[in-house]
Amino acid sequence: MNVIIYTTYCPKCRILEQKLKEKNIEYVEFTDVDEMIKKGFTTMPILQADDIIMDFTTANKWINERN
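Description of the structure in this document. What you are looking at is a predicted structure, and each value in this text was computed from that prediction instead of being measured. Each residue is numbered by its place in its chain's sequence as written, counting from 1. Whole-chain, interface and lining totals are the exception, using all residues; otherwise, since this is a predicted model, local features are given only for residues with pLDDT of at least 70 and side-chain atom pairs are given and counted only at 80 or more. Side-chain numbers come from the whole structure's heavy atoms, not from hydrogens or water.

1. Some details on the nonpolar core
Move 1: Residues belong to a common nonpolar core when they are buried Ala, Val, Leu, Ile, Met, Phe, Trp, Tyr or Cys residues joined through side-chain atoms within 4.5 Å. Burial classes follow relative accessibility: with a 1.4 Å probe on protein chains only, a residue under 20% of its type's maximum area counts as buried, one over 50% as exposed, and anything between as partly exposed. Formed by Val-3, Ile-5, Leu-16, Leu-20, Ile-25, Leu-47, Ala-49, Met-54, Phe-56, Ala-59, Trp-62 and Ile-63, the largest nonpolar core amounts to 12 residues.
Move 2: Numbered from the N terminus, helices here are DSSP runs of H or I no shorter than four residues, and strands are runs of E no shorter than two. At the level of elements, β1 (3–6), α1 (11–22), β3 (46–49) and α3 (56–65) are the ones that each hand at least two residues to this core.
Move 3: No other element matches α3, which puts 4 residues into this core.
Move 4: Tyr-6, Cys-13, Phe-41 and Ile-46 belong to the second largest nonpolar core, which has 6 residues in total.

See below:
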């Protein structure tokens, strides 16, 4: 599974990063704001797991459900 966190290093971004680390979920950070805007992302963080795009709340739930 490919996991990407679109981050601006805001407090919510840090929370998701910490949760990913705690669950040992490998991920790649994406920090190019111009590209995020081109993708239509208006708030951060955004988590992408394969083809699924998630906002903070959905991503938080998704991470919590991982074993």
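2. Observations concerning the packing of α1 against α3
If you want to describe how two helices pack, look at the angle between their axes and the distance between the axes.
Move 1: Orientation of α1 relative to α3, taken along the N-to-C sense of each, is 15 degrees, at an axis distance of 10 Å. When the interaxial angle is binned, α1 and α3 end up roughly parallel. Both α1 and α3 take part in a crossing whose hand is left-handed. Note on element contacts: α3 touches α1 through Phe-56, Ala-59, Asn-60, Ile-63 and Asn-64, opposite Lys-12, Ile-15, Leu-16, Lys-19 and Leu-20.
Move 2: Residue composition of the contact of α1 with α3, grouped by class: 6 nonpolar, 2 polar and 2 charged. The angle between two axes is taken between their N-to-C directions and runs from 0 to 180 degrees, where each axis is a line fitted to C-alpha atoms and a helix contributes only its stretch in contact. An angle below 35 degrees is read as roughly parallel, one above 145 as roughly antiparallel, one from 65 to 115 as roughly perpendicular, and any other as oblique. Throughout, a crossing is termed right-handed when the near helix is turned clockwise from the far one, and left-handed when it is turned anticlockwise from it by less than a right angle. Working rule for contacts: check all heavy atoms of both residues, and any pair within 4.5 Å makes them a contact. Under this grouping Gly is polar, as are all residues other than the nonpolar Ala, Val, Leu, Ile, Met, Phe, Trp, Tyr, Cys and Pro and the charged Asp, Glu, Lys and Arg.

3. Quick word on the packing of aromatic side chains
Move 1: Only Phe, Tyr and Trp rings take part, Trp by its six-membered ring, and two of them pair if their centres are within 6.5 Å. Stacked means planes under 30 degrees apart, edge-to-face means over 60, and tilted covers everything else. One pass over the structure, following the stated rule, counts 2 aromatic pairs.
Move 2: Measuring from ring centre to ring centre gives 4.9 Å for Tyr-6 and Phe-41, while their planes differ by 70 degrees; the resulting arrangement is edge-to-face. Here Tyr-6, found in strand β1, pairs with Phe-41, found in the loop between α2 (33–38) and β3; they are 35 residues apart in sequence, far enough to count as distant.
Move 3: For Tyr-6, a relative accessible area of 2% translates into the label buried.

4. Here's the deal with the pattern of salt bridges
Move 1: Just to be clear on terms, a salt bridge is a Lys or Arg side-chain nitrogen sitting within 4 Å of an Asp or Glu carboxyl oxygen. Under the criterion given, the structure shown has 1 salt bridge.
Move 2: One salt bridge connects Glu-35 with Lys-38, and the closest N-O pair in it is separated by 3.4 Å. With Glu-35 and Lys-38 both in helix α2 and 3 residues apart, this pair spans about one turn of that helix.
Move 3: Among the residues examined, Lys-38 registers a relative accessible area of 65% and is labelled exposed.

Nothing here speaks to function; it is all geometry.
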